[in-house]
Amino acid sequence: MASEPGEISEGGVGRPVDPRAEMVVVLAQQGIGRNEIARRIGIPPVTVSAIAKANGIKFDRTKMAQPLKARLEDLKMAQLGAAEGLMEDLIRARTVFRMARTPRDYAFAAKAISDLTQSAQRMTPQLTNHDANESAKSLLGDLMVGITRVNQELEAREERGEIFNTPHFETQEENPNDES
């Protein structure tokens, strides 16, 4: 039997005994960092480190970079979705403002419009030049990888004799005197 919670059982099953330890292993394998795992599960980061060490998992920052980037993009998209929802609420509040009959209704609607506008502005992610540059670099890098793969595949096919030279179609200049 395992001597500490989170260790792999002696039966060689390869799975942690403690459910929290299993969650640590699964999240770490997904590339989630130690502090984020601790926050999600509700245990100290030291405990996450101990469980990871007992299960042969190391937190390598280079392996965490891509999943972190993806999570940040997901968070930006969620934030943008929340901002869009606030904008929809703002439209409804403006309708209520237009239909208000009493000074009290006007005041409540005006306050709602003000609060919703401020919240929507704070929630809308701001695109900086750095973000745009990083996005362009990422796109160009992905494009270069794709072009390289296609080029390698075409060269391999050519070496195997699978690519045949196709005749080039030449365009004929149209002769205005030609009736055909």
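Residues numbered from 1 in each chain as written. Predicted model: local features only at pLDDT ≥ 70, side-chain atom pairs only at ≥ 80, totals over all residues. Heavy atoms only, no water.

With respect to the overall build of the chain
When helices and strands are counted, the chain shows six helices and zero strands. The N-to-C order of helical and strand elements in the chain reads α-α-α-α-α-α. Going through the 180 residues of the chain one by one, you find that 17% of them count as buried. For the chain, long-range pairs separated by at least 24 residues make up 45% of all intrachain contacts whose partners lie at least 6 apart in sequence. Carbon and sulfur atoms provide 56% of the accessible area of the chain, an area that totals close to 14700 Å². (Helix = DSSP H or I, 4+ residues; strand = E, 2+ residues; numbered from the N terminus. Buried < 20%, exposed > 50% of the residue type's maximum accessible area, 1.4 Å probe, protein only. Contact = heavy atoms within 4.5 Å. Areas by Shrake-Rupley, 256 points an atom, 1.4 Å probe, with all protein chains shown as cover.)

A look at the packing of aromatic side chains
Enumeration over the complete set of coordinates arrives at one aromatic pair. Relative to Y106, the ring of F97 lies with its centre 5.5 Å away and its plane at 75°, an arrangement referred to as edge-to-face. (Phe/Tyr/Trp six-rings, centres within 6.5 Å; stacked < 30°, edge-to-face > 60°.)

Focus: the nonpolar core
V24, I37, I41, I43, V48 and F59 are the most contacted members of the largest nonpolar core, which totals 15 residues. Of all the elements in the fold, those that place two or more residues in this core are α1 (19-29), α2 (34-41) and α3 (45-54). In contact with I41, other than residues within four places in its own chain, are R20, M23, V24 and L27. Membership of the second largest hydrophobic core comes to six residues, among which are L90, A93, I113 and A120. (Core = buried A, V, L, I, M, F, W, Y, C linked by side-chain atoms within 4.5 Å.)

Details of a nonpolar patch on the surface
Side chains of L68, L72 and L75 sit close together on the surface and give an oily, nonpolar patch of about 290 Å² of accessible area. Mapped onto the secondary structure, L68 falls in helix α4 (residues 61-99). (Patch = residues over 30% accessible without salt bridge, like charges linked within 9 Å, V, L, I, M, F, W, Y side chains within 5 Å. Salt bridge = Lys/Arg side-chain N within 4 Å of Asp/Glu carboxyl O.)

Let's talk about the confidence of the model for the chain
Here the chain averages 79 in pLDDT, while 77% of its residues score no lower than 70. Between residues 1-13, whose pLDDT stays under 50, and residues either more than four places distant or in other chains, the model counts 22 contacts. (pLDDT = per-residue confidence, 0-100.)

As for the pattern of salt bridges
Here the idea is simple: oppositely charged side chains can pair when their charged atoms come close. According to the stated counting rule, one finds six salt bridges in the structure shown. The shortest N-O distance in the salt bridge between D89 and R92 comes to 2.6 Å. Within this pair, D89 and its partner R92 are both found in helix α4, separated by three residues, close to a single helical turn. Each of E36, R39 and R40 takes part in salt bridges that share partners, so that together they form one network.

Focus on helix α6 (residues 129-160)
Here α6 is 32 residues long and its end C-alpha atoms lie 46 Å apart, about the 46 Å a rise of 1.5 Å per residue gives. The first or second residue beyond α6 is G161, which carries a positive phi of 80°. (Expected span 1.5 Å × (residues − 1).)

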